Amino acid sequence: MKKEVDNEMEDEVRPEYDFAQMEGGVRGKYVERYRTQTNLVRLDPDVAQAFPNDEAVNEALRLLIQIAQRQQPNNLEG
């Protein structure tokens, strides 16, 4: 059962956790590793409606890549 919250920004951290007492923590320590290993793309709502899941998006993009690659040699000739 989900707890109802009056204020959406209400702090859910337990009072016994005192982060001021923590030592050695480095903010953003893993941010670069995260950025290099994550490739997320936000789709606009109208585009997202056309795809039921990530596999459908990947399939459509692969098809678009194939079409673009077929068209590329024709564009170089003339």
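Residues numbered from 1 in each chain as written. Predicted model: local features only at pLDDT ≥ 70, side-chain atom pairs only at ≥ 80, totals over all residues. Heavy atoms only, no water.

A count of helical and extended segments in the chain gives 3 helices and 0 strands. Starting at the N terminus and ending at the C terminus, the chain contains elements arranged as α-α-α. For the chain, the residues scored as buried account for 3% of the 78 residues in total. Surface exposure of the chain reaches about 8700 Å², of which carbon and sulfur atoms provide 49%. (Helix = DSSP H or I, 4+ residues; strand = E, 2+ residues; numbered from the N terminus. Buried < 20%, exposed > 50% of the residue type's maximum accessible area, 1.4 Å probe, protein only. Areas by Shrake-Rupley, 256 points an atom, 1.4 Å probe, with all protein chains shown as cover.)

All right, on to the confidence of the model for the chain then. Per-chain confidence: the chain averages 81 in pLDDT, with 81% of residues scoring 70 or above. Element-level pLDDT for the chain is lowest in helix 1 (residues 31–37), with a mean of 82, against a maximum mean of 95 in helix 2 (residues 45–48). (pLDDT = per-residue confidence, 0-100.)

The next thing to look at is a nonpolar patch on the surface. On the surface, Val13, Tyr17, Phe19 and Met22 cluster together into a nonpolar patch covering about 450 Å² of accessible area. Its place among the elements puts Tyr17 in the segment before helix 1. Given a relative accessible area of 48%, Tyr17 falls into the partly exposed group. (Patch = residues over 30% accessible without salt bridge, like charges linked within 9 Å, V, L, I, M, F, W, Y side chains within 5 Å. Salt bridge = Lys/Arg side-chain N within 4 Å of Asp/Glu carboxyl O.)

Once that is clear, we can look at the pattern of salt bridges. Considering all chains together, one arrives at 2 salt bridges under this definition. Note that Arg14 is salt-bridged to Glu16, the shortest N-O span being 3.8 Å.

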